[in-house]
Amino acid sequence: HAMNICQGQDGPIVIDNSSAFRYKDDVPLVIPEINAETTIGKKLIANPNCTTAIGLMAVWPLHKQFGLRKLVMSTYQAASGAGQPGMDELVEGSKSVLNGERDVADNKVFAHPLPFNVIPHIDKFQENGYTKEEMKVTWETRKICGLGDDFPVSCTAVRIPTFRAHSESIIALFDKAVDITAARNALDEASGVKLVDDPENLKYPMPLTATGQYDVEVGRLRKNIAFDNALEFFVSGDQLLRGAALNAVLVAEAMLDNGSLKAKK
């Protein structure tokens, strides 16, 4: 109903958190730190998929610094991505195995038992062999960052037995030669990003520390040794905040700042 709600001169601004409008050409898909200007003059705004929102917070500052050429992502997504039923199934399934009731947990929400397991399957499989969750990363990265429809982005999405906060291992290939110091500075200065990159002291992004935090943690930053002009890094972010509700609130704040959202007189 979002399209109908915002119709007319008196219709409200709608920031929609579903996937219904993300790929429509006339509806901006927004991460405010990246493309807030696309909201100007618009009454319907789409919020991105949680996985995309978390990953692009780290990718965008590096893209501005070095010029993104290709992107490869593997995700480690918490049970809460499937809602409260997914979390409940993880809890009850873990209990049933640990107390000896079952050797393998029961599953109804997930395609396979999640406790003590990882599942390389989120959403429906597509004809090209990717899942829809994986293709969301490709489609949304292209749109949000203003890249071409054939820009190379590949993702493998995996469900893991944690409660909250999604993590991602990312390999980004660039047009320019990469410099670790410049990359660290770009991430350190980026709004909404927290650089957690001190392996000597065992500090790096984790769901445990990212949960409940507004900023996306980025660390394990290094030059990739398999490809030229490539960086490899790890991110963790709270998918219920940066990946959903917080992003929507920040979109509204950005619209206030650019004059798109005004109080009725």
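See the structure printed just above.
A brief report on the enclosed structure follows. (Residues numbered from 1 in each chain as written. Predicted model: local features only at pLDDT ≥ 70, side-chain atom pairs only at ≥ 80, totals over all residues. Heavy atoms only, no water.)

**As for a negative patch on the surface**
Taken together, the side chains of Asp25, Asp26, Asp149 and Asp150 make up a negatively charged region of the molecular surface. Positionally, Asp25 belongs in the loop between strand S1 (14–16) and helix H2 (32–35). (Patch = residues over 30% accessible without salt bridge, like charges linked within 9 Å, V, L, I, M, F, W, Y side chains within 5 Å. Areas by Shrake-Rupley, 256 points an atom, 1.4 Å probe, with all protein chains shown as cover. Salt bridge = Lys/Arg side-chain N within 4 Å of Asp/Glu carboxyl O. Lys, Arg positive; Asp, Glu negative; His and termini not counted. Charge placed at Lys NZ, Arg CZ, Asp CG, Glu CD. Helix = DSSP H or I, 4+ residues; strand = E, 2+ residues; numbered from the N terminus.)

**Remarks on the packing of helix H3 (residues 50–66) against helix H5 (residues 132–144)**
Two elements in contact, H3 and H5, have axes whose closest approach is 9 Å; the angle formed by their N-to-C orientations is 50°. The orientation of H3 relative to H5 falls into the category oblique. Considering only the axes of H3 and H5, their crossing is right-handed. Of the residues in H5, those touching H3 at Thr51, Thr52 and Leu56 are Glu133, Lys136, Val137, Glu140, Thr141 and Ile144. (Axes fitted to C-alpha atoms, helices over the stretch in contact; angles between N-to-C directions. Parallel < 35°, antiparallel > 145°, perpendicular 65-115°, else oblique. Left-handed = near helix turned anticlockwise from the far one by under 90°. Contact = heavy atoms within 4.5 Å.)

**A word on unusual backbone geometry**
For Ala165, which is not a glycine, the phi torsion comes out positive at approximately 85°. On the secondary structure map, Ala165 appears in the loop between strand S4 (153–159) and strand S5 (166–174).

**Focus: the sheet that holds strand S7 (residues 216–223)**
Read from one edge to the other, the open sheet built from 6 strands follows the order S4-S3-S5-S8-S7-S6, with strand pairing classed as mixed. Both outer strands of the open sheet, S4 and strand S6 (193–195), are each paired with one neighbouring strand and no more. When strand polarity is set aside, the average angle formed by the axes of neighbouring strands in this sheet is 20°. As defined by bridge partners, S6 adjoins S7 across 3 bridges and the pair is classed as parallel. In the sheet register, Lys194 faces S7, and the bridge partner there is Glu217. Set on the sheet, H5 makes contact with strand S3 (68–77) and S4; between it and S4 the angle comes to about 145°. (Pairing = 2+ DSSP bridges.)

**Side note on the nonpolar core**
For soluble globular proteins, nonpolar side chains are generally found buried alongside one another. Residues Leu231 and Phe233 are the most contacted members of the largest nonpolar core, which totals 45 residues. With near-sequence residues (within four places) excluded, Phe233 lies in contact with Ala58, Val59, Leu62, Glu168, Ser169, Ile170, Ala172, Val218, Gly219, Arg220, Leu221 and Arg222. If you look at the next biggest cluster of nonpolar residues, it comprises 5 residues, including Ala79, Leu90, Phe110 and Ile119. (Core = buried A, V, L, I, M, F, W, Y, C linked by side-chain atoms within 4.5 Å. Buried < 20%, exposed > 50% of the residue type's maximum accessible area, 1.4 Å probe, protein only.)

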